[in-house]
Amino acid sequence: MAKASSKDYFGLSWIVSLILAIIPVTAWICGMVTRFQEGKIVAGIIRIFGGWLIWILDLIFMLTHHSICRLLNL
């Protein structure tokens, strides 16, 4: 079982983060908020406007790598 880390939404466990990532609205909000909390303003803004594409990538990364998408580490 994967342990909670700062890589997942708000440091929650992987399974809770996966559930949040499956729901489009919560994935969009959680992804945007976590990027702004990390100080990655550009990545947060990209998540606002490119939400659907990033949502698909988040799901793929959550299922394969057990962490949210880090492609936009701006």
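Calculation notes
Residues numbered from 1 in each chain as written. Predicted model: local features only at pLDDT ≥ 70, side-chain atom pairs only at ≥ 80, totals over all residues. Heavy atoms only, no water. Helix = DSSP H or I, 4+ residues; strand = E, 2+ residues; numbered from the N terminus. Buried < 20%, exposed > 50% of the residue type's maximum accessible area, 1.4 Å probe, protein only. Contact = heavy atoms within 4.5 Å. Arc of directions from axis to C-beta.

**Q** What's the story with the overall build of the chain in this structure? I'm lost.
**A** Within the chain one finds 4 helices and 0 strands. The N-to-C order of helical and strand elements in the chain reads α-α-α-α. Here the chain holds 74 residues, and 34% of them are scored as buried. Residue pairs in contact within the chain that sit at least 24 positions apart in sequence constitute 47% of those at least 6 positions apart.

**Q** Sorry if this is basic, but what is going on with the side chain of S17 here?
**A** Within the fold, S17 resides in helix α1 (residues 14–22). The exposure class of S17 is buried, given its relative accessible area of 0%. With residues up to four places along the chain from it excluded, the contact list for S17 reads D8, Y9, L12 and M62.

**Q** What is the right way to read helix α3 (residues 41–49) from this model?
**A** Since there are 3.6 residues in each turn of an α-helix, residues three or four apart along the chain are aligned in direction. Within the span of α3, buried status applies to A43, G44 and R47. Taken around the axis of α3, the buried residues stretch over an arc of 100°, which confines them to a single face. Check the buried side of α3 and you find it contacts α2 (24–37) and α4 (51–65).

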